Amino acid sequence: MRALFHERSVLFAMAMAIAFAALATGCAKDEGRERSGKAVGTLKETRDELASTQKQIDEVLVAAGTVQSGQGELKSSYDKYKKEVAETEEAAQDVRKRADDMRARAKEYQAKWQEEMSKVTNPDLKAAAQARAAKVRGRYEMISAKTQDAKAAYDPFIRDLKDLQTYLSNDLTPAAVQAASPVFDKVKASGQVLKQKLTAVQQELDDVAAEMSPDASGGK
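Everything quoted here is computed from the prediction, not taken from an experiment.

**A look at the overall build of the chain**
In step 1: Regarding its fold elements, the chain presents six helices and zero strands.
In step 2: For the chain, the N- to C-terminal ordering of α and β elements is α-α-α-α-α-α.
In step 3: For the chain, the proportion of its 220 residues judged to be buried stands at 31%.
In step 4: In the chain, the proportion of contacts linking residues at least 24 apart, taken out of those at least 6 apart, comes to 81%.

**Brief notes about empty space enclosed by the protein**
In step 1: For the structure on display, the rule yields one cavity of 30 Å³ or more.
In step 2: Quantified by volume, the largest cavity comes out at close to 40 Å³.
In step 3: Taken together, Leu61, Ala64, Gly65, Gln68, Phe184, Val187 and Lys188 make up the lining of the largest cavity.
In step 4: Where the lining of the largest cavity is concerned, the elements lending two or more residues are helix H2 (31-69) and helix H6 (181-212).
In step 5: Ranked by the residues each element gives to the lining of the largest cavity, the list is headed by H2, at four residues.
In step 6: When the residues that make up the lining of the largest cavity are grouped by side-chain class, the tally is four nonpolar, two polar and one charged.

**A short note on the pattern of salt bridges**
Two side chains of opposite charge can pair, provided their charged atoms sit close to one another.
In step 1: Inspection of the entire model under this criterion finds twelve salt bridges.
In step 2: Its salt-bridge partner being Lys75, residue Asp79 comes within 3.0 Å of it at the nearest N-O pair. Here Asp79 and its partner Lys75 are both found in helix H3 (residues 74-117), four residues apart, which amounts to about one turn of the helix.
In step 3: Judged by relative accessible area, which is 47%, Lys75 ranks as partly exposed.
In step 4: The salt bridge partner of Asp207 is Arg139, with a shortest N-O separation of 3.7 Å. With Asp207 in helix H6 and Arg139 in helix H4 (residues 123-170), the pair connects residues that are 68 residues apart, well separated along the chain.

**So, the nonpolar core**
Across soluble globular proteins, nonpolar side chains show a tendency to be buried alongside one another.
In step 1: By size, the foremost hydrophobic cluster in this structure holds 43 residues, and its most contacted members are Leu43, Tyr81, Phe157, Leu161, Phe184 and Met212.
In step 2: Secondary-structure elements contributing two or more residues to this core are H2, H3, H4 and H6.
In step 3: Examining the composition of this core, we find that 13 residues originate from one element, H4, more than from any other.

**A short note on H3**
In step 1: The first and last C-alpha atoms of H3 sit 63 Å apart over 44 residues, in line with the 64 Å expected at 1.5 Å per residue.
In step 2: The N-terminus of H3 is capped by Glu73, whose side-chain oxygen sits 3.2 Å from the backbone nitrogen of Lys75.

**Regarding the environment of Thr42**
In step 1: Inspection of the secondary structure assignment puts Thr42 in helix H2.
In step 2: Each C-alpha atom of the pair Thr42 and Asp101 lies 8.1 Å from the other, and the pair is 59 residues apart in sequence.

**Here's the deal with the packing of H3 against H4**
In step 1: Their axes nearest at 10 Å, the elements H3 and H4 cross at an angle of 165°. It follows from the interaxial angle that H3 and H4 lie roughly antiparallel. Crossing handedness for the pair H3 and H4: left-handed.
In step 2: Class assignment for the residues of the contact of H3 with H4 results in 22 nonpolar, six polar and ten charged.

**Quick notes on the layout of surface pockets**
In step 1: Taken as a whole, the second largest pocket spans an internal volume of roughly 240 Å³.
In step 2: Residue lining of the second largest pocket: 18 residues in total, with Val95, Arg96, Ala99, Thr147 and Lys151 positioned closest to the centre.
In step 3: Among the elements that line the lining of the second largest pocket, the one with the most residues is H3, at seven residues.
In step 4: Taken together, the residues of the lining of the second largest pocket sort by class into eleven nonpolar, three polar and four charged.

**Some points on the confidence of the model for the chain**
Regions with low pLDDT carry predicted coordinates that are not meant to be interpreted in detail.
In step 1: Taken residue by residue, the chain gives an average pLDDT of 79. The fraction at 70 or more is 80%.
In step 2: Across the chain, the element-wise mean pLDDT spans from 37 in helix H1 (residues 2-27) up to 96 in helix H5 (residues 174-179).

Reading guide: rules and limits
- Residues numbered from 1 in each chain as written.
- Predicted model: local features only at pLDDT ≥ 70, side-chain atom pairs only at ≥ 80, totals over all residues.
- Heavy atoms only, no water.
- Helix = DSSP H or I, 4+ residues; strand = E, 2+ residues; numbered from the N terminus.
- Buried < 20%, exposed > 50% of the residue type's maximum accessible area, 1.4 Å probe, protein only.
- Contact = heavy atoms within 4.5 Å.
- 1 Å grid on protein atoms, 1.4 Å probe; cavity = no way out; pocket = protein on both sides within 12 Å on 5 of 7 lines; lining within 4 Å.
- Points joined across faces, edges and corners; volume = space filled by probe spheres on them.
- Nonpolar A, V, L, I, M, F, W, Y, C, P; charged D, E, K, R; others polar.
- Salt bridge = Lys/Arg side-chain N within 4 Å of Asp/Glu carboxyl O.
- Core = buried A, V, L, I, M, F, W, Y, C linked by side-chain atoms within 4.5 Å.
- Expected span 1.5 Å × (residues − 1).
- Polar contact = N/O pair within 3.5 Å; in protein donor to acceptor, adjacent residues only side chain to side chain.
- Axes fitted to C-alpha atoms, helices over the stretch in contact; angles between N-to-C directions.
- Parallel < 35°, antiparallel > 145°, perpendicular 65-115°, else oblique.
- Left-handed = near helix turned anticlockwise from the far one by under 90°.
- pLDDT = per-residue confidence, 0-100.

Next comes the structure, spelled out in structure tokens:
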């Protein structure tokens, strides 16, 4: 009886050891996959930030249009415009921070990728990894270029919005609004151009995130 109990105890201990070993293997970090997931997550977060920014651009354009059209009480329309200008400027700062974070993570991701793939000895796999790395690097460079285009459109847009605010704060009258019509029209046009440039960045972010995703069916 003791021998049977001892045998069962040994078998139980072996089974537990195997189970813990399997659990440890399953929980081991796949650092490359984890790093890739974080990179894709950052791309998607940046894309969402840009989408929110586009909505804010619409809000400030509507507020500017209300002031220009003379609908409603001028002071309350101006106060609404001033609020939306502040929120638009804040959104622009958030996008800059997100873009900086994305660039930093991209550099880290690519450096680690190169470091780990340098350990691969199979020439075919090494060549494939190098080709993929070059392609992803090129896509990130495209994102950076389109982001710079958007920034070049953003700065004068914000500047004109704030100039209008300063102008109206010193002369909030229907005559002053009428005199500022060319600037109102300029803001409206430049806001639409900015939205188009932000859409171009979003599309590039979507493409790169899809290409880096485990579910990607192939690259462009």
